[in-house]
Amino acid sequence: MQRYILIRFLQSLLTLWVMTVIVFSLARLTGDPLDVLLPMEAGDGERERVAHHWGLDRPLYEQYFTFLGKALQGDFGNSWKWQGHTAMGLVVERMPATLQLSSVAIAISVLLALPFGVLTAVWKDTLFDAVGKIFALLGQSLPSFWLGIVLMWIFAVTLGWLPTSGRGTVWHMVLPAICLGWFQVAAMMRLIRSSMLDVLDSEFVKLTRIKGLPEWKVVWKHCLRNAAIAPLTYFAITLGVLVTGSVVIESVFAWPGTGLLAVDAVRARDFQVVQAIVIVFTSVLIMVNLAVDILYAYIDPRIRFQ
């Protein structure tokens, strides 16, 4: 078991290192940050002075190792766009808004996917099952930004029930949370339905029915407990995906989280902030996947030897 965890941990570190190389390289392909830091009429002397101050006149490999060394200490430098703020400080400042939105989206996903997934399996090939399949298909095929614009137009502009953007009251979270969680509702519902169908056809379920147990207890206690392994694994991964996948939704609804910060930083070519956000997002996904791998190893000992 210790060997398995060590191998997975080293693989996670390797993945994180590869991501530092990728994000460092891609950030510098977006253009020269001096074009953002300086006005168009700036002379060569001014450009050289600013480049030297930010270390942009050094070779790329030196810039990378400087970035990597400071990143290991949690220091991603100061923001170029938001003067007086550190890159990691901006990420920490915006993270609560993203976590708040993700938490509501997760709650929506679980509260809708669990009962609908179970019921579509119990009422297989009925009208309810057909409606559930259509809902799942739309949830996994409609682009989230398009869904956000449509919901905004209907419920905010036309009906005037909800605010269009920003963060304030609980009503500001409704539309972005629905858009962020709908894809996960559809995916989790299909996974629960598939797992439930496998369990409902098993022999022990037939035995519980022969013993005369109420149908609700057979379904919600015995079947759901045995069908929950795969959905629980997906739910753990969903925690990381919702936190890191909020970039588009936060941009559509002007939600002041790390997703919107990432878009603004890319537009401003603020390498420091972009690198900090990507590394933080990558670390969250890697840690979640590592935790799932270790949990799997405890649940099924056969996985340890793969």
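Up top is the structure these notes are about.
A short tour of the structure in this document, coming up.

Thresholds applied
- Residues numbered from 1 in each chain as written.
- Predicted model: local features only at pLDDT ≥ 70, side-chain atom pairs only at ≥ 80, totals over all residues.
- Heavy atoms only, no water.
- Helix = DSSP H or I, 4+ residues; strand = E, 2+ residues; numbered from the N terminus.
- Buried < 20%, exposed > 50% of the residue type's maximum accessible area, 1.4 Å probe, protein only.
- Contact = heavy atoms within 4.5 Å.
- Salt bridge = Lys/Arg side-chain N within 4 Å of Asp/Glu carboxyl O.

Bringing the environment of Phe-128 into the picture now. Summarising the element assignment, Phe-128 is placed in helix H6 (residues 127-141). The class for Phe-128 is partly exposed, based on a relative accessible area of 29%. On a C-alpha basis, the gap between Phe-128 and Phe-116 in space is 9.2 Å, while along the polypeptide they are 12 residues apart. Beyond its immediate stretch of four places on either side in the chain, Phe-128 contacts Phe-116, Leu-119, Thr-120 and Trp-123.

Oppositely charged side chains can pair when the atoms bearing their charge come close. Considering all chains together, one arrives at 2 salt bridges under this definition. Asp-129 is the salt-bridge partner of Lys-133, the closest N and O atoms lying 3.8 Å from each other. Pair noted here: Lys-133 and Asp-129 are both in helix H6, with a separation of 4 residues, about one helical turn. Look at Lys-133 and you get partly exposed, because its relative accessible area is 43%. Of the residues examined, Asp-129 reaches a relative accessible area of 1% and is grouped as buried. Here Asp-129 and Arg-193 are joined by a salt bridge, their closest N and O atoms 2.9 Å apart. Taken together, the residues Asp-129 in helix H6 and Arg-193 in helix H8 (residues 174-200) connect sequence positions 64 residues apart. Both residues of the pair, Asp-129 and Arg-193, belong to the buried class. Through salt bridges that share partners, Asp-129, Lys-133 and Arg-193 make up one connected network.

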